[in-house]
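The residues making up each chain are set out below.
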Amino acid sequence: MSQPATETTFDWLPLPALLLDVRGRPVAGNRRFGECFPDACRDDGLAGLPSWLEKLPEELAARVALPGQPVSLQLPVADPVLACRLPDEAGGGWLLLLPDENVRFTPASDADITTLLEGLPDPVCVIEAKTLRIVHANQVFREAFAEKGDPIGCTCHEITHDSVFPCADARGHCAVRRAIGTGQRARAEHVHPDDVCGERFFEAIAQPLAGSGGRVDKVLYCLRDVTEARRSREEIRQLSNYDPLTGLPNRVLFVKRLGTVLERASLERSRVAVMFLDLDRFKSINDTLGHNIGDMLLLGMSGRLGECLRRVDVVARVGGDEFVVILPDLKAEGEAEAVAERCLARLAEAFDIEGQEVFSTVSIGLAYFPDDGQDEESLLKNAEFAMYQAKEKGRNTWQRFSLETNAGAVERLVLETGLRHALERQEIFLHFQPQVRTVDGVWVGAEALCRWRHPYLGQVPPVKFIPVAEECGLITEIGAWVLAEACRQGVAWQRQGLPALHIGINLSARQFATPGLVESVESILRQTGIDPRLVELELTESMLMDDAAGAAELLHRLRRLGVRLAIDDFGTGYSSLSYLKHFPIDRVKIDRSFIKDLETDPDSAAIAGAIIAMSHSLGLAVVAEGVETEGQLAFLRERGCDEIQGYYFGKPMSAEDFSACLRRQMAAADRI
Ligand SMILES: Nc1nc2c(ncn2[C@@H]2O[C@@H]3COP(=O)(O)O[C@H]4[C@@H](O)[C@H](n5cnc6c(=O)[nH]c(N)nc65)O[C@@H]4COP(=O)(O)O[C@H]3[C@H]2O)c(=O)[nH]1
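Here is a short report on the structure shown in this document. This structure is a prediction, so every number in the text was calculated from the model and none was measured.

## A few points about the overall build of the protein chain
Right, so step 1: For the protein chain, the helix and strand inventory stands at 25 helices and 28 strands.
Right, so step 2: Put simply, the protein chain has 672 residues, and 47% of those count as buried.
Right, so step 3: Contacts in the protein chain between residues far apart in sequence, at least 24 positions, make up 57% of those at least 6 positions apart.
Right, so step 4: Of the roughly 33,200 Å² of accessible surface on the protein chain, a fraction of 52% belongs to carbon and sulfur atoms.

This is how it looks when you write it as structure tokens:
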């Protein structure tokens, strides 16, 4: 076919246009066509044209048209397509004018739609725009609403909602009507009643389908059952914001709510109180009556607490036996105190739990906004502090936050209560301090030292919390955790390619006296898979002296597990080396107090020297603790002290820092 004389005009036509040969096969597209179908127009001609153009030859063959006379073609696009016979002088053929750049497709035939819908896994139907009646529905849709009978001819809302009114989501949106109105795809979330689970949630998507006149005459309506996804989302939200036992908000949500209340209170200049409640001696109830009864008591408590509060008050469970309440918008003086009194009285009444009468009381702390704290954290902290003051006053009472207090006793209570949750809240962790071979400075061991990061108090030193843990018996649990964690770390280092280091672990007196220590150590060794010879348990002299025979037997049993034993802080207690030889001890650690004064105090130097010499004569190795200076190191090296521990070589550090330092040491040694 020769190129028509109108080529320039053809190219600049504002509509997409195609030149067809006499048989109706596309030959060239104009510039606009190229813009609309960029993939189809290549330098070497047309290719990959829309499939509906394949019908053209068939369609044109049936048409009788005079040159220059346009005919309208029935192609599956929304707007009419015009074809114009070109005069024979111009080579015959056709000029095809497409409606505009957004060539829209009309749905295929009913049969095509049915096949298409059946292939979809979700309930899908086609709704007539004018009447909102269903004209097609796939099998999944029919099954989903089987009890309603044949959906064809019914309105979509009759079928999906049992309603004579068009359906709508929570915001009043009907996806179908929006799609009809805007000609755009619309989405909504619907709740449909369900006999089995009460209600089911659907994501509804309405896709407008344009008729031959370009107007939306049908809507493709897809429903996706999102009930399960929504439930899991809700479960996650519930778990992260609510306490699973009582269903009350947890600490996270409580702090958010308190933030909102405080924001409003500062705008309105109103008063808010935070009330912190802690059950008195809950641990002993749990221990004696069992966790089930304990749980039910907590449930009962949370219920009764609700009875004592106003509707605007917010109650949350923030710890095992700790509840907090926000009392917003306090009008009268003493209002919060009255609530506290009411709670004390109601909560002290007996609970009937599985036929048992259970009594419990609470201690309550009160802190006011803005007087006792201006933000969530300080109010919560001060209310908790006041609660400890109430405990200190004899429990079953309330106390308003005040700085004048028996600081020591309250601090102890704060520590004890905090320690009860410290392990489960992962506040306890280990640091490691290198133990270095004196002759060449090589790192041969590490002492594991326990650390506690309290949420309010920050890092609490072990000399403060270990004695409290001892007194309240928590040391057994903490000590076992330390032992396991230190062994686990030792194994992890070896797996990372570091040399096998011996790990020093402190045993406290109470731990030493707890029955089952040997079994506990044995099981930890087995579970962690550490070589027992790398584990060194550190004890103090006083632990051995009270019951020497019993201690010796215990030490022998520990020794039989393969672990090493060291005497810590040597020199501060009985300091009888001859006595020590009755025990299966491997090493002696000279206390820091002697090392500190080595260079200035001849007595300290003499004692340290004597300990080293005597220990060696008894076949015991010696470690010096607290070495901070070159001079101390020189002295100890000269006296043949086996190992050194102290800031001179490294402070206690995290396991990651420890391994990084050790690697640097090893690399430096390799270079020498
Ligand atoms: N000024 C100075 N201090 C140095 C130097 N080198 C080491 N230290 C400190 O001396 C203490 C040595 O541990 P310790 O005598 O077993 O004394 C320990 C131990 O008795 C106890 N402790 C720590 N962790 C545990 C544990 O897991 N269980 C038990 N039962 N007690 C622990 O707490 C004590 C104190 O531990 P930390 O505060 O970590 O204090 C550590 C360490 O940081 C130095 O050159 N200069």
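## Remarks on the site of the ligand
Right, so step 1: The environment of the ligand is made up of 21 residues, and the closest members are Gln433, Arg451, Asp568, Glu628 and Tyr647.
Right, so step 2: One of the side-chain nitrogen or oxygen atoms of arginine 592 is found 3.2 Å away from a nitrogen atom of the ligand.
Right, so step 3: In the complex, 84% of the free accessible area of the ligand, which totals 790 Å², lies under the protein chains.
Right, so step 4: Of all the secondary-structure elements, those providing two or more residues to the shell around the ligand are strand 21 (443-454), helix 15 (462-471) and strand 25 (564-570).
Right, so step 5: With 4 residues, strand 21 is the largest single contributor of residues to the shell around the ligand.

## A look at the nonpolar core
Side chains that are nonpolar tend, in soluble globular proteins, to be buried together.
Right, so step 1: In this structure, Leu419, Ile505, Phe512, Leu558 and Leu636 are the most contacted members of the largest nonpolar core, which totals 80 residues.
Right, so step 2: Here the element with the most residues in this core is helix 16 (residues 475-495); it accounts for 8 residues.
Right, so step 3: Ignoring anything within four residues of it in the chain, the contact list for leucine 636 reads Thr438, Ile595, Leu598, Ile612, Ala624, Val627, Cys641 and Ile644.
Right, so step 4: Within the second largest apolar cluster, 32 residues are counted, among which are Ile285, Phe323, Val339 and Cys343.

## Digging into the pairing of strand 25
Right, so step 1: Of all 7 residues in strand 25, 5 are buried; the element is thus mostly enclosed.
Right, so step 2: Relative to strand 25, strand 24 (residues 535-540) is paired through 5 bridges, and the arrangement is parallel. Residue pairing in the sheet places threonine 540 in a bridge with aspartate 568 of strand 25.
Right, so step 3: Sheet topology places strand 25 next to strand 26 (residues 587-590); 3 bridges connect them, and they run parallel. Residue pairing for strand 26: phenylalanine 570 is matched across the bridge by isoleucine 590.

## Let's talk about helix 12 (residues 335-348)
Right, so step 1: In a regular helix each residue adds 1.5 Å, so 14 residues correspond to 20 Å; helix 12 covers 20 Å between its end C-alpha atoms and thus fits that length.
Right, so step 2: Listing the buried residues of helix 12 in full gives Ala336, Glu337, Val339, Ala340, Cys343, Leu344 and Leu347. For helix 12, the angular spread of the buried residues around the axis is 155°, confining them to a single face.
Right, so step 3: Residues of helix 12 that are buried in the fold lie against strand 13 (271-279), helix 11 (291-307), strand 15 (322-330), strand 16 (351-353), strand 18 (362-369) and strand 19 (398-400).

## Comments concerning the packing of aromatic side chains
Right, so step 1: Inspection of every chain in the model, using the stated rule, returns 8 aromatic pairs.
Right, so step 2: Ring centres of tryptophan 452 and phenylalanine 465 lie 5.7 Å apart, and the angle between their planes is 75°; on these two criteria the pair is classed as edge-to-face. Of the two residues, tryptophan 452 is situated in strand 21 and phenylalanine 465 in helix 15; the sequence distance between them amounts to 13 residues. You'll find tryptophan 452 and phenylalanine 465 in the same group, each marked buried.

## So, the sheet that holds strand 19
Right, so step 1: A sheet is described by the order of its strands in space; here 5 strands give the open sequence 14-15-13-18-19, paired in mixed fashion. Each edge of the open sheet is held by one strand with a lone partner, namely strand 14 (314-319) and strand 19. Averaged over all adjacent pairs, the angle separating strand axes in this sheet is 20°, with direction ignored.
Right, so step 2: Alignment of strand 14 against strand 15, held across 5 bridges, turns out to be antiparallel.

## Digging into the pairing of strand 15
Right, so step 1: Among the 9 residues that make up strand 15, 8 are buried, leaving the element largely enclosed by the rest of the structure.
Right, so step 2: Taken together, the 7 bridges between strand 13 and strand 15 define a ladder with antiparallel strand orientation. When the sheet's bridge partners are listed, valine 274 is paired in strand 15 with isoleucine 326.
Right, so step 3: Adjacent in sequence and paired antiparallel, strand 14 and strand 15 are bridged by 2 residues.

## Quick look at the environment of aspartate 375
Right, so step 1: For aspartate 375, the location among the structural elements is in the loop between strand 18 and helix 13 (376-392).
Right, so step 2: Separated by 116 residues in sequence, aspartate 375 and glycine 259 place their C-alpha atoms 7.5 Å apart.
Right, so step 3: Within polar-contact distance, the side chain of aspartate 375 engages the backbone nitrogen of glutamate 377 at 3.2 Å.
Right, so step 4: A polar atom in the side chain of aspartate 375 sits 2.7 Å from the backbone nitrogen of serine 378.

## Some points on the side chain of histidine 454
Right, so step 1: Within the secondary structure, histidine 454 sits in strand 21.
Right, so step 2: What makes histidine 454 buried here is its relative accessible area of 6%.
Right, so step 3: Apart from the residues lying within four places of it in its own chain, the contact partners of histidine 454 are Val414, Gly418, Glu427 and Val460.

## Considerations on unusual backbone geometry
Right, so step 1: A cis geometry characterises the amide bond from phenylalanine 369 onward to proline 370, with omega recorded as 5°.
Right, so step 2: Turning to its location among the elements, proline 370 is positioned in the loop between strand 18 and helix 13.
Right, so step 3: Despite not being glycine, arginine 395 shows a phi value in the positive range, around 65°.
Right, so step 4: For arginine 395, a relative accessible area of 27% translates into the label partly exposed.
Right, so step 5: Of note, the phi angle at aspartate 569 is positive, near 50°, even though the residue is not glycine.

## Some details on the sheet that holds strand 9 (residues 134-137)
Right, so step 1: Ordered in space as 9-8-12-11-10, the 5 strands form an open sheet in which the pairing is antiparallel. Strands at the two margins of the open sheet, each flanked by one partner only, are strand 9 and strand 10 (186-194). On average, each strand axis in the sheet is tilted by 30° relative to the strand beside it, whichever way the strands run.
Right, so step 2: Most of the contacts of helix 7 (residues 175-182) go to strand 10, to which it runs at about 155°, and overall it touches strand 8 (124-128), strand 10, strand 11 (198-210) and strand 12 (216-225).
Right, so step 3: Sheet strands in contact with helix 8 (residues 227-241) are strand 10, strand 11 and strand 12, and its direction is about 125° off that of strand 11.

## Remarks on the pattern of salt bridges
Right, so step 1: Scanning all chains against the criterion turns up 39 salt bridges.
Right, so step 2: The closest approach of N and O atoms between arginine 142 and aspartate 150, which form a salt bridge, is 3.1 Å.
Right, so step 3: Across the pair glutamate 643 and arginine 587 runs a salt bridge whose closest N-O atoms are separated by 2.9 Å. Of this pair, glutamate 643 sits in strand 28 (residues 643-645) while arginine 587 sits in strand 26, and the two are 56 residues apart along the sequence.
Right, so step 4: For arginine 587, a relative accessible area of 2% puts it in the buried group.
Right, so step 5: If you follow the salt bridges from partner to partner, you end up with Arg271, Glu333, Asp371, Asp372 and Arg400 in one network.

How each quantity is defined
- Residues numbered from 1 in each chain as written.
- Predicted model: local features only at pLDDT ≥ 70, side-chain atom pairs only at ≥ 80, totals over all residues.
- Heavy atoms only, no water.
- Helix = DSSP H or I, 4+ residues; strand = E, 2+ residues; numbered from the N terminus.
- Buried < 20%, exposed > 50% of the residue type's maximum accessible area, 1.4 Å probe, protein only.
- Contact = heavy atoms within 4.5 Å.
- Areas by Shrake-Rupley, 256 points an atom, 1.4 Å probe, with all protein chains shown as cover.
- Near = heavy atom within 4 Å.
- Polar contact = N/O pair within 3.5 Å; in protein donor to acceptor, adjacent residues only side chain to side chain.
- Core = buried A, V, L, I, M, F, W, Y, C linked by side-chain atoms within 4.5 Å.
- Pairing = 2+ DSSP bridges.
- Expected span 1.5 Å × (residues − 1).
- Arc of directions from axis to C-beta.
- Phe/Tyr/Trp six-rings, centres within 6.5 Å; stacked < 30°, edge-to-face > 60°.
- Axes fitted to C-alpha atoms, helices over the stretch in contact; angles between N-to-C directions.
- Salt bridge = Lys/Arg side-chain N within 4 Å of Asp/Glu carboxyl O.

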